[in-house]
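Letter by letter, the chains look like this.
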Amino acid sequence: MSQRVRVVVVEDDEEIRDLVRRILSDDPTIQFVKAFPTGDAFLQAFAPDTVDVVIMDINMPGTRGIECVAQAKPKAPRVQYIMSTVFENPNYIFQALCAGATGYLLKSLSAQELVPAIHGVMEGGSPMSPAIARMVVSSFQGQARASISDHQLTAKEREIVDGLAAGLMYKEIADKGGISIGTVRVHIRNIYEKLQVSSRHEAVKKVYPG
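So, here's what we can say about the structure. Predicted model only: the values in this text are computed from it and were never measured.

## Overview of the overall build of the protein
Next, step 1: Along the protein, the regular secondary structure elements total ten helices and five strands.
Next, step 2: Classification of the 210 residues of the protein by burial places 48% in the buried group.
Next, step 3: Long-range contacts, defined here as pairs at least 24 residues apart, represent 66% of the contacts in the protein between residues at least 6 apart.
Next, step 4: Carbon and sulfur atoms form 51% of the exposed surface of the protein, whose accessible area is close to 10,100 Å².

## Some thoughts on the sheet that holds strand β4 (residues 80-85)
Strand pairing within a sheet occurs via backbone hydrogen bonds; the two strands may be parallel or antiparallel.
Next, step 1: Strands sit in the order β2-β1-β3-β4-β5 across an open sheet of five strands; the sheet is parallel. Whereas interior strands pair on both sides, the edge strands pair on one side only; in this sheet they are β2 (30-36) and β5 (103-106). The sheet shows a mean angle of 20° between the axes of neighbouring strands, taken without regard to direction.
Next, step 2: Pairing analysis gives four bridges linking strand β1 (residues 5-10) to strand β3 (residues 53-57), with the strands arranged parallel. From the neighbouring strand, V10 faces β3, where its bridge partner is M56.
Next, step 3: Sitting on the sheet, helix α3 (residues 65-72) touches β3 and β4, and the angle it makes with β4 is about 175°.

## Here's the deal with the packing of aromatic side chains
Next, step 1: Counted according to the given criterion, the structure contains two aromatic pairs.
Next, step 2: Ring centres 6.0 Å apart and planes at 75° place the aromatic pair F36 and F42 in the edge-to-face group. Here the two residues F36 and F42 agree in accessibility, since each one is buried.
Next, step 3: With centroids separated by 5.2 Å and ring planes inclined at 50°, the aromatic side chains of F42 and F46 adopt a geometry described as tilted.
Next, step 4: On the basis of relative accessible area, F46 is assigned to the buried category, the value being 16%.
Next, step 5: In textbook terms, an aromatic cluster arises when at least three aromatic residues are bridged by ring pairs, as seen for F36, F42 and F46.

## Some words on the side chain of S199
Next, step 1: Within the element layout of this structure, S199 appears in the loop between α9 (181-195) and α10 (200-207).
Next, step 2: Within the structure, the side chain of S199 is placed 3.4 Å from the side chain of H201, a separation counted as a polar contact.
Next, step 3: From its side chain, S199 meets the backbone nitrogen of E202 in a polar contact 3.3 Å long.

## As for unusual backbone geometry
Next, step 1: You will see that Q196, though not glycine, has its phi angle at about 60°, which is positive.
Next, step 2: Topologically, Q196 is positioned in the loop between α9 and α10.
Next, step 3: For Q196, a relative accessible area of 71% puts it in the exposed group.

## Considerations on the nonpolar core
Next, step 1: In this structure, F42, V54, M56, Y81, M83 and Y104 are the most contacted members of the largest nonpolar core, which totals 31 residues.
Next, step 2: Of all the secondary structure elements, the ones that give two or more residues to this core are β1, α2 (39-45), β3, α3, β4, α4 (90-99), β5 and α6 (130-150).
Next, step 3: Top element by residues in this core is α4. It accounts for five residues.

## Some thoughts on the pattern of salt bridges
Next, step 1: The final tally for this structure, using the stated rule, is nine salt bridges.
Next, step 2: K156 is the salt-bridge partner of E159, the closest N and O atoms lying 3.2 Å from each other. Residue E159 and its partner K156 are both found in helix α7 (residues 155-165); the two are separated by three residues, about one turn of the helix.
Next, step 3: Under the relative-accessibility criterion, E159 is labelled partly exposed at 45%.
Next, step 4: By sharing partners, the salt bridges in this structure join R6, D52 and R78 into a single network.

## Comments concerning the pairing of β3
Next, step 1: The element β3 is extensively covered by neighbouring structure, given that five of its five residues are classed as buried.
Next, step 2: With burial as the criterion, each face of β3 is covered, one bearing V53, I55 and D57 and the other bearing V54 and M56.
Next, step 3: Taken together, the five bridges between β3 and β4 define a ladder with parallel strand orientation. Paired with M56 across the strands is M83, a residue of β4.
Next, step 4: For the handedness criterion, the β-α-β arrangement of β3, α3 and β4 is classed as right-handed.

Each value, and the rule that gives it
Residues numbered from 1 in each chain as written. Predicted model: local features only at pLDDT ≥ 70, side-chain atom pairs only at ≥ 80, totals over all residues. Heavy atoms only, no water. Helix = DSSP H or I, 4+ residues; strand = E, 2+ residues; numbered from the N terminus. Buried < 20%, exposed > 50% of the residue type's maximum accessible area, 1.4 Å probe, protein only. Contact = heavy atoms within 4.5 Å. Areas by Shrake-Rupley, 256 points an atom, 1.4 Å probe, with all protein chains shown as cover. Pairing = 2+ DSSP bridges. Axes fitted to C-alpha atoms, helices over the stretch in contact; angles between N-to-C directions. Phe/Tyr/Trp six-rings, centres within 6.5 Å; stacked < 30°, edge-to-face > 60°. Polar contact = N/O pair within 3.5 Å; in protein donor to acceptor, adjacent residues only side chain to side chain. Core = buried A, V, L, I, M, F, W, Y, C linked by side-chain atoms within 4.5 Å. Salt bridge = Lys/Arg side-chain N within 4 Å of Asp/Glu carboxyl O. Right-handed = clockwise from strand over helix to strand, strands pointing away.

Here it is as structure tokens:
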């Protein structure tokens, strides 16, 4: 990428916060902006023009991560949020996606995986740790099938919705389905029209009602 991705970290654990800061500061494609120890500190200092991606802890003192995203996302929809947690909890995943988060990663993620996840979210993907992606699919599959049927999606559109729910990028969905990226985009436009939504996380919210 010609322009570095500007990243903010919100993490109450000082050791983890410092580790992530070092990882990001050492990568030439990333511009580490700032780290905040609490969600409240982040919200008070939130400057949308200075950040592209926020790595957000879920469990923190005061305002928790999901609520931080819910408050900050409407102020700057272009800013992407990746939730960071030790919990493989389906309810947290669903709540985070509904709040406006685009990715959901475990804190055990390695340095080699974190930076690609940041770039992935900037390229239209929804990075999720493999265990999280599997949990999303297995936890909401039955509910999703019923909702998808209600909206009269085709079999191919159902496959693509599954891909969106699993955090796949358009190219990955295309490769998996044996179709072109252009065809994926056409299907997604049709899905959005049928669901009456305009973004991935809105589609997830519509298909996976709580």
